[in-house]
Amino acid sequence: MNSLFPILAIVRKDISVWLRQPTSIAATVLPAIAFMVILYFGAQAVGRNPVALVVQDSGPHAQELINILSDSGAFKVTMITIAPQKAEDALRQVKVAAVITIPSNFDAAYNAKKPDPVTIHINNLNLDFTNDLRRSLPAAITKFYADQSAINGNNSPIQIRVKETDLRSQDIDLLRFELVPNLVLLLTTAGIVNAGLATAREWEDSTIKELLLAPISKATIITGKLLSGWITTLLIAAVVLVVGAASGYLRPAGTIYWISTLVIVLLIALASAGLGVAIGAASHRFQRVTAIGIPLSIDLFFLSGGITVAAFLPTWLQTIAHFVPTFYGTHALQMAIFYSSNEGLILDLSVLGATAILAGVLGVLSLRKSMLA
Amino acid sequence: MLRQGKQAQLRVVLNNLEVDFTNDIRRAVPLAITSFYANAFPNQVVIRAHEVDSYSHDTGYVQYLVVSLMVVSVMLGGLLQAGSNAAREYEKGTVKELMLAPASLWAIQIGKILGALLLNSLSVAVMIIVIVFLIGVWPDHWDELFAFVLLLMITFVALGSLIGTLVRRRQAVIPLSIGLSIPVFFISGAFGPAIWGDQVTATITQLQPVYYGIAIFQHAFHNFTTTSTSPAINGFILAGFAAVIVAISALTLIAGRGRGVVH
């Protein structure tokens, strides 16, 4: 009980210093809000490349293919023209990603069962976009034949039917999926940088002397420092979670998944704050904290599936990712928020719990060693 | 079954974790089916996709992305280095000595920018070595690479200096730099041409230098055009950004000469 008040005083002091600097708060919280806004706009366009259609045949089959391409989830048809040059100009000026040309003899060749090529001119800048386009036109052609089958009975020449079974109840769009690793990135950055700076500040401003001369134990100082770093990180997490839940982008379905989400966030924040205190106490300098903390957070972000699905990474990278604690945090949050699933939750929580304890111990040892030195 | 005219069912079990990967599979299966028919029953499935590519070879996702990452690294490095240096002058009170020195404030600010530029050039050199020799992305235009990497460094070092002069605290400079760099990276066409995305983002992104930086570097490395404007125009726009930011940075120092030290 005697230690409680000094601990709370240290927490209050650190948070007050943090709160007295509106630029620091804004700079820490605004990226999360900026991310949300950017991802919201970005989500409108992902996976739908703009294409131009050059239609040189007005026959019914050509019209049918145009309708399929226009309704396709893979394309965003931004131009329909009969002038090939106009479409090629748009391609050259990077206004469209591809030009699809339906030739003048399309219907005639189809009816005569002669080779009937539909040309796609792709701006093959990178494989991600290019492969999307490559796959999308055959998908539209398959749909065209399937529709012929529906119109003419079972007369479609394509007799292979795809029966899809999904393992998850819903599809999650890419940018929404990436919100979770971004949240984890924010937690690790905020924890490591804020707790690290709050600790290093005591040495830079020489206030560590006053703390050491105060009639309180070293354990009290250490606990206060860890707690203030943890609370600061949780304040940032709270903003992200509230905005995420309000917008529907990060909203766990049901109380049980809200609880698991909060426990995971608490553990990641604690581990980050512990690590931040350890780095701050060991380095004693602002610049060293950021030089170590920021690249570390970004590396953890990439290794935990920051820009892709970790499960689809190359095997050697997956092996490395399995030794990264944020990988488990990201996985657990994605399962709880998107799929209402407890898949792997015990393992995820065990790893995060162990990491939080380890980081806390590391923070304690580092701070203790620095105070004794 | 197919030769007898009977229907065959192809069962596909999908781990639909997220829609981008899932749709890749959804579209790849019809592609495989039509390719199969094109070979096995060429007279039945007559409509084919005939592909023509704008570039002679495909560029991998990593090879494309690494160039965009280089631009944002130059930005982050410049902001952090110059911003911390400028803020440190206020935190330590040494800004008073600078102000009282018998030199113009323009000279002081340009000197600080040059200092940060030299320090920043070390990390940029390492980054270029990694991209070229380790990842194996060989630039098509070395002259463009060196000219514009310098221009980009000047732009972001000046911007960092401006931020440091304005906020005067390293603790604020660091999250601000990161907070600025990451969203800007995402909206500037890091993964593909920004103008293929939604119109709001595509319009906003054209108001900041990273958009033009990525376009110029994609041209320098891969000979790609990723913006409606030509590489030469992009270069002029980037030079304009650099000049304006350097001027604002110096003017801010002059305007803030009476503000003193941070306690």
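Computed from a prediction, not measured in an experiment: that's the story for all the values here.

## Notes on the overall build of chain B
Piece 1. For chain B, the count of helices and strands is nine helices and two strands.
Piece 2. Along chain B, from the amino end to the carboxyl end, the secondary structure elements read β-α-β-α-α-α-α-α-α-α-α.
Piece 3. Since a compact globule built from 263 residues should have a radius of gyration of about 18 Å, the 25 Å found for chain B marks it as more spread out than a globular shape.
Piece 4. Principal-axis analysis of the C-alpha atoms places the extent of chain B at approximately 95 × 35 × 35 Å.
Piece 5. Among the 263 residues that make up chain B, the fraction classed as buried is 53%.
Piece 6. For chain B, the share of sequence-separated contacts (at least 6 apart) that also reach a separation of at least 24 residues comes to 77%.
Piece 7. When the accessible surface of chain B is totalled, it reaches about 11400 Å², and 66% of it is carbon and sulfur.

## Some words on the packing of aromatic side chains
Piece 1. Throughout the structure, instances matching the rule amount to 21 aromatic pairs over all chains.
Piece 2. Relative to Phe146(B), the ring of Trp142(B) lies with its centre 5.7 Å away and its plane at 20°, an arrangement referred to as stacked. Of the two residues, Trp142(B) and Phe146(B) both sit in helix 5 (residues 142-167), four residues apart, roughly one turn of that helix.
Piece 3. Of the aromatic side chains, those joined through ring pairs into one cluster are Phe106(A), Tyr110(A), Phe144(A) and Tyr145(A).
Piece 4. Above the plane of the ring of Tyr339(A) lies Arg168(A), whose end atom (NZ or CZ) is 5.1 Å from the centre.

## Here we look at the domain arrangement of chain A
Piece 1. Along its sequence, chain A is organised into domain 1 (4-42 + 173-372) and domain 2 (48-151).
Piece 2. The C-alpha-based centres of domain 1 of chain A and domain 2 of chain A are spaced at 48 Å.

## Observations regarding the sheet that holds strand 3 (residues 98-102) of chain A
Piece 1. Across the sheet, five strands lie side by side as 2(A)-1(A)-3(A)-4(A)-2(B); this open sheet has mixed pairing. The open sheet has two free edges, formed respectively by strand 2 (75-81) of chain A together with strand 2 (47-53) of chain B, since each of these has just one partner strand. Strand-to-strand twist in this sheet, taken as the mean axis angle between neighbours without regard to direction, amounts to 25°.
Piece 2. Where strand 1 (residues 49-55) of chain A meets strand 3 of chain A, five bridges bridge the pair, whose relative direction is parallel. Within strand 3 of chain A, the residue paired with Val51(A) across the bridge is Ala98(A).

## Points about the side chain of Asn124(A)
Piece 1. Checked against the element boundaries, Asn124(A) lands in the loop between strand 4 (116-122) and helix 6 (127-151).
Piece 2. Side-chain polar atoms of Asn124(A) contact the backbone nitrogen of Tyr55(B), separated by 2.8 Å.
Piece 3. Setting aside its immediate chain neighbours within four residues, Asn124(A) contacts Thr130(A), Asp53(B), Ser54(B), Tyr55(B), His57(B), Asp58(B), Thr59(B) and Phe224(B).

## Quick word on the interface of chain B and chain A
Piece 1. If you look at the interface, chain B gives 81 residues, while chain A gives 92 residues.
Piece 2. Of the roughly 8000 Å² buried between chain B and chain A, counting both surfaces, carbon and sulfur atoms make up 63%.
Piece 3. Three residues stand out in chain B for area buried against chain A, namely Ile47(B), Gln171(B) and Trp196(B), and they jointly supply 12% of the buried area on that side.
Piece 4. Across the chain B-chain A interface, the total number found is six salt bridges.

Conventions and cut-offs
- Residues numbered from 1 in each chain as written.
- Chains lettered and ligands numbered in written order.
- Predicted model: local features only at pLDDT ≥ 70, side-chain atom pairs only at ≥ 80, totals over all residues.
- Heavy atoms only, no water.
- Helix = DSSP H or I, 4+ residues; strand = E, 2+ residues; numbered from the N terminus.
- Rg over C-alpha atoms; globule rule 2.2 N^0.38 Å.
- Buried < 20%, exposed > 50% of the residue type's maximum accessible area, 1.4 Å probe, protein only.
- Contact = heavy atoms within 4.5 Å.
- Areas by Shrake-Rupley, 256 points an atom, 1.4 Å probe, with all protein chains shown as cover.
- Phe/Tyr/Trp six-rings, centres within 6.5 Å; stacked < 30°, edge-to-face > 60°.
- Lys NZ or Arg CZ within 6 Å of the ring centre and 35° of its normal.
- Domains from an automatic or database assignment.
- Pairing = 2+ DSSP bridges.
- Axes fitted to C-alpha atoms, helices over the stretch in contact; angles between N-to-C directions.
- Polar contact = N/O pair within 3.5 Å; in protein donor to acceptor, adjacent residues only side chain to side chain.
- Buried area = accessible area lost by both parts, 1.4 Å probe.
- Salt bridge = Lys/Arg side-chain N within 4 Å of Asp/Glu carboxyl O.

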